[in-house]
Amino acid sequence: MNPFGYARAADAADAVRLGSAPRAAYLGGGTNLVDLMRRNVVAPATLVDVTGLSSAIEERPDGGLLIGAAARNTAVAEHRAVRARYPLLARAILAGGSAQIRNMATVAGNILQRTRCPYFYDVAGSRCNRRHPGQGCDAIDGHNRDHAILGGSPACVATHPSDMCVALAAADAVVHLRGARGARVLPLTELHRLPGDHPEIETELEAGELITAVELPPLPPGAASGYRKVRDRAGYAFALVSVAAVLRVERGVITAVRLALGGVAPKPWRARTAEQALLGAPADPATFRAAARTELAAAVPLRHNAFKIELAERTVTAVLADLAGEAR
Amino acid sequence: MTTSAHGRAPVGPAPENWAGPVPDPLTDPARTRRIGEPMPRLEGLAKVTGRIKFAAEHAYPGMLYAALACSTIPKGRITALDVADAERAPGVVLVMTHRNAPRMNPMPGFGSDPKAGGFDTLPVLQDDRVHWNGQPIAVVLAETQEQADHAATLIRVGYAPEPAVTSWEEAVANGTAPTTIYGGPGRRELGDAEAALRAADVSVDEVYRTPYHNHAAIEPHAATVLWDGDELFVHDTTQMVAHSAWSLAKIFGIPEERVHISAPYLGGGFGGKGLWWYQVLAAAASRLAGRPVRIALTRENVFRTVGSRARTEQRVAIGATADGRFEAIIHTGASATSRSADLSEPFILPAQCTYAARTFKLGVEVAYLDMMANTSMRAPGGAVGSFALECAIDELAVKLGMDPIELRLRNEPRQEPIDGRPLSARNLVRAWRAGAERFGWDRRNPTPGAVRDGEWLIGMGCAAATHPYVRSPGAAARITLHRDGRAEVEVAAHDMGMGTATAQTQVIADRLGLEPHQVTFRFGDSRLPGLVMAGGSQQTAAIGAAVAAAHRELLAQLLKLVGDGSPLGGLEPDQVGSLDGGVAALDDPSRHESYADILDRAGRDRLVAEAVAQPPEELTARSMHSFGAMFCEVRVSSVTGEVRVTRFLGSMDCGRIVNPRTAASQFRGGIIMGIGLALTEELVLDDRTGRVVNASLADYHIPVHLDVPEIDLIWTDIPDPHAPMGARGIGEIGITGTGAAIANAVYNATGRRVRDLPITPDKLL
Ligand SMILES: Cc1cc2nc3c(=O)[nH]c(=O)nc-3n(C[C@H](O)[C@H](O)[C@H](O)COP(=O)(O)OP(=O)(O)OC[C@H]3O[C@@H](n4cnc5c(N)ncnc54)[C@H](O)[C@@H]3O)c2cc1C
Ligand code: SF4
């Protein structure tokens, strides 16, 4: 870990001002950032502590929610309105990390957590384009069981590790931002970037831009939602594959659907191709499976992760079948 | 038997030869009061209230903190080493590399001398050579840990890499080499097993693979080191204080008495807490800097610089008659090792002792990689060997259409299968029957894939567990008896958290006829008598035998003190025993005099008796093993391939159980580790670079609570007549058999046979 300065932001404006300093980084719960500093993956000069900014969870008149960026993961998962209206989000958060980590982790920190690619972490001993542009990628020909089957590039095949983001992607969440040039909003699905030739540029955020809140529009009325995570042990492991889905079935026909995948791509993967195949189709396992297949047709397996294609197909099918049973 | 007024008999001297016909008097329940009690751990309260100091919690004035810089290539030479920035970094006092490290002797390899304790034999930081990816190449000492950590990242290294063998496949293709098992034969044969296999009515012949495993003890390795002139003092976390002290003395070329190691408390060891590079580096750096040093390895350091259990590839072939009698057991294969460890993973141990067969062919070979020295880990050989053997038996049972327990019972041996040694006490059949009944084995549907609950397939499996009885020579004990009737017993033994001190306090209380509160057991210090490694599940027996020898000596000394007026006058040492805080005649316990009275009258404040345990002749004379019958139920998702263990029962046969509470924890801990072995644990070495890929506990998956069901335990509690207190080892056996029981249950649930651990979801799609 490098020597660094520390400042606590009083409010969002203060944070943005402090965050505009060179090599400043916002500090949420620190469960990811501090680890990365200890492993020397990142070396910020100043940490701007933003845990004092809004952590409120407000119910909106339209039935949506506005969640302050500093809200702890546990607080979100436990919130009555979240549990009642966005079960997929509560389940996704609870599927992540451990109770201790969820108690510390903030909403913004969770969204911006970095990949768990082990080569990314191994600064001294491994090459990584995401960490050191142009260095090469040790994962592509290395141990890549946990890596991406969708959205990767020859430069990087890392996955985005968040569970919460997969649910947010399926819930059409919007991220509120504030930077030196003012405030703006961005759909969560447009926040993270695919690696392409520049895996080091992970998001659309401008330098020093702050996440202030996440907004959830109401789910389609009458829709059921859920989250399922497949992992190597029963808890405290990142997803091999995860699925968040919102589904409404009327008279046997799918009238609303949103589907997102985790563990398979460098960003929370909204499965729009599958959604197109599902909308208006009969809600039966054959449809679900076929839709999953169309989405996964683009999948490119690596040496150790071909199983994710079948696993994703099966998990999507099972989650949708479950929700169809609930929604019926 | 003659008993005292309240119905107990004196505890006379233990046998002079443990292989002989007379058992330890403490095998007799009428002579024991505390053995068998579920006494809570003596240090439990102090531990949970934070009043105990571990190795990295001792502080000294002027103490410096150490950080390591490690190699990033598997093999070659260091051609450039720029430490200028590190030396200039804030707080840095010393950067030690091969250029300025003191000259030291290589680590004495474990087994090269009875006291040798090194698990690597390389010289430490003595030249520019790199032998594995992750090898320490520099040590930074600074005023704070943070400063040391930071400075270590500023060291710049250039290498001239050399071709290295970093893939298992390449190592095997280079040819495997015959090896030994702890100095004993690595190959055992009886008859012509290959011919018997070919001629057998029914046979299986399969290959099983197990990966590298890390011990993942909760306490990372650490030491606090202090030189006083040429005397070295080390607070360490080690399961071999005496071995480590002797070995450090050799490395630094100083007399053994000048090295003092204290390690009373460990946060787990599992075979990984021996002498590694970190203690040597800390001691060398401390000497150079002239200040005390604390080295506390990061978890990543542990993964890269402390050896792990080696990867194996095992062939198991079993031939049987149509009615299920074994004609041939073949268990061969190879495990990975480095040239500097040259240590096999002795996976043939279970096949040597568990079943009778007409012919045997057992052999372990090694495949050399340029990797970190591998080492022992809980149940070396047994953990992974029982996986292969017990799965093969399950596969054979399927082919025979026979119940797998019945098949095992049919091949129960009447003697040690290969060399014919007589059995000491073996009650595995009883353990199978009691376990099957308690678990409800008769409710198992033998047809794979037949039991379902929604998407979940349910199956049951079983396997035999086994671990050899071990008692190494050299254990010694010193008993100091005080005039007020208290006794101190000192042994250079260890409590890694398993309850050694508690169980031994019970044993000593019974051996000396005292109450536990009158007994103080001292351990974990190299200045104490004897040589006892906390390894091989041997401590209960090894310490027990040492204390028994000292007790014999104590009785002799006491008799020398009693005068004519004593009720004990005229008795010989083997005519007396300990009872009720004193000495009594074996055939007439009313002839009794208290220790206090004896010392009082002789005008002595204390009496000291020290002795070395009798040599372990029982090991060669008898077939002595702990056994168990492991049962489990699993649920396997037919959608995702995820496996959940929902029920587990261990039905154990380990001789007398000294303390049911601490024993249950040992069994349970072993079984939990076995769940990890079966389902989640795999240390991945990048086969291009030999570098550990998943060097963190986020990525190296030990089981979490959600992976562990309630674990039920029963035991036979039948004393072994040739073991001290009748107790065989219990510490490691829990991990054996567990992997196979789970794999066999997965087969019963799904019809899928996974022969390649761990059984992760992808293997069941
Ligand atoms: C052992 C372990 C297991 C885990 N398992 C899981 C799992 O199974 N599933 C899962 O989803 N996650 C898991 N996590 C990750 C965990 O969810 C994240 O570490 C956590 O959500 C990060 O939140 P934080 O507030 O601690 O972020 P920090 O570590 O403080 O910050 C993370 C990043 O966000 C930036 N940041 C923080 N706040 C803001 C803001 N307001 N505006 C802009 N940038 C900001 C920081 O600069 C930093 O780059 C695990 C973590 C660990 C250590
Ligand atoms: S996959 Fe991406 S993060 Fe991983 S090593 Fe390659 S470039 Fe780095």
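Residues numbered from 1 in each chain as written. Chains lettered and ligands numbered in written order. Predicted model: local features only at pLDDT ≥ 70, side-chain atom pairs only at ≥ 80, totals over all residues. Heavy atoms only, no water.

A. How the structure looks around the sheet that holds strand E2 (residues 24-27) of chain A. Residue and element names in this part refer to chain A. With parallel pairing, the 3 strands of this open sheet are ordered in space as E1-E3-E2. Edge strands, defined here as strands with exactly one partner in the open sheet, are strand E1 (5-8) and E2. Neighbour-to-neighbour, the strand axes of this sheet turn through a mean angle of 25°, independent of strand direction. Relative to strand E3 (residues 46-49), E2 runs parallel, the two sharing 4 bridges. Its bridge partner lying in E3, Leu27 is registered against Asp49. (Pairing = 2+ DSSP bridges. Helix = DSSP H or I, 4+ residues; strand = E, 2+ residues; numbered from the N terminus. Axes fitted to C-alpha atoms, helices over the stretch in contact; angles between N-to-C directions.)

B. Highlighting the site of ligand 1. Around ligand 1 sit 33 residues, and of these Tyr26, Thr31, Leu33, Thr106 and Asp163 of chain A come closest. Lying at an intersection of chains, ligand 1 is approached by residues of chains A and B. Backbone polar atom of Asn32 of chain A to an oxygen atom of ligand 1: 2.8 Å apart, as the coordinates give it. One of the backbone nitrogen or oxygen atoms of Asn110 of chain A is found 3.4 Å away from an oxygen atom of ligand 1. Contact with the protein chains covers 93% of the free accessible surface of ligand 1, which is 970 Å². Where the shell around ligand 1 is concerned, the elements lending two or more residues are E2, helix H2 (33-38), helix H7 (107-111) and strand E8 (210-216) of chain A. Class assignment of the residues belonging to the shell around ligand 1 gives a composition of 15 nonpolar, 13 polar and 5 charged. In this structure, the shell around ligand 1 is formed jointly by two domains, domain 1 (5-51) and domain 2 (224-327) of chain A, each of which donates at least three residues. (Near = heavy atom within 4 Å. Polar contact = N/O pair within 3.5 Å; in protein donor to acceptor, adjacent residues only side chain to side chain. Areas by Shrake-Rupley, 256 points an atom, 1.4 Å probe, with all protein chains shown as cover. Nonpolar A, V, L, I, M, F, W, Y, C, P; charged D, E, K, R; others polar. Domains from an automatic or database assignment.)

C. Quick look at the packing of helix H6 (residues 241-252) of chain B against helix H7 (residues 277-289) of chain B. Residue and element names in this part refer to chain B. Relative orientation of the contacting elements H6 and H7 amounts to 50°, with a least axis distance of 11 Å. By the angle between their directions, the pair H6 and H7 is classed as oblique. Every pair of crossing elements has a handedness; the one defined by H6 and H7 is right-handed. Packed against H6, whose contacting residues are Leu248, Ile251 and Phe252, the element H7 presents Val280, Ala283, Ala284 and Arg287 at the interface. Broken down by class, the residue content of the contact of H6 with H7 amounts to 6 nonpolar, no polar and 1 charged. (Parallel < 35°, antiparallel > 145°, perpendicular 65-115°, else oblique. Left-handed = near helix turned anticlockwise from the far one by under 90°. Contact = heavy atoms within 4.5 Å.)

D. Representation of the interface of chain A and chain B in the model. Contact with chain A, which involves 35 residues of that partner, is made by 33 residues of chain B. Per-residue buried area on chain A facing chain B is highest for Arg233, Ala234 and Arg314 of chain A; these three make up 23% of the total on that side. For the salt bridge of Arg39 of chain A with Glu300 of chain B, the shortest nitrogen-to-oxygen distance reads 3.2 Å. The interface formed by chain A and chain B holds 13 residue pairs in polar contact (both at pLDDT 80 or more) in total. The leading source of residues in the side of chain A that touches chain B is helix H12 (residues 307-327) of chain A, at 6 residues. (Buried area = accessible area lost by both parts, 1.4 Å probe. Salt bridge = Lys/Arg side-chain N within 4 Å of Asp/Glu carboxyl O.)

E. View of the sheet that holds strand E26 (residues 592-594) of chain B. Residues and elements named next belong to chain B. The antiparallel open sheet is built from 3 strands, whose spatial order is E24-E25-E26. With one partner strand each, in any of the chains shown, strand E24 (576-579) and E26 form the two edges of the open sheet. Put simply, the sheet's adjacent strands are angled 25° from each other on average, direction ignored. Examined bridge by bridge, strand E25 (residues 582-585) and E26 share 3 bridges and lie antiparallel to one another. Residue pairing across strands places Gly582 opposite Ser594, the latter belonging to E26. Along the sheet face, helix H14 (residues 539-561) touches E24 and E25 and points at about 100° away from the line of E24.

F. Structural view of the confidence of the model for chain B. Scored by pLDDT, chain B has a mean of 96; 99% of the residues are at 70 or more. Quick note on the complex model: pTM equals 0.97, ipTM equals 0.97. (pLDDT = per-residue confidence, 0-100.)

G. Just the side chain of Asp495 of chain B, in detail. Residue and element names in this part refer to chain B. Topologically, Asp495 is positioned in the loop between strand E22 (487-490) and helix H13 (500-512). Buried within the structure, Asp495 lacks any salt-bridge partner; its nearest side chain of opposite charge belongs to Lys47, at an N-O separation of 5.4 Å. Looking at Asp495, its side chain comes within polar contact range of the main-chain nitrogen of Gly497, at 3.0 Å. Polar contacts involving the side chain of Asp495 include one to the main-chain amide nitrogen of Ala501, which spans 3.1 Å. Asp495 has contacts with Glu43, Pro264, Tyr265, Leu266, Thr500, Ala501 and Phe523, leaving out every residue within four places of it along the chain. (Buried < 20%, exposed > 50% of the residue type's maximum accessible area, 1.4 Å probe, protein only. Lys, Arg positive; Asp, Glu negative; His and termini not counted.)

H. Seen up close, the domain arrangement of chain B. Residue and element names in this part refer to chain B. Taken domain by domain, chain B holds domain 1 (25-52 + 473-615), domain 2 (62-163 + 218-268 + 273-305) and domain 3 (312-470 + 620-763). Computed over C-alpha atoms only, the centres of domain 1 and domain 2 are separated by 38 Å. The interface is formed by 18 residues belonging to domain 1 together with 22 residues belonging to domain 2. Area buried by domain 1 at its contact with domain 2 is led by Met496, Ser526 and Leu531, which between them contribute 35% of it.

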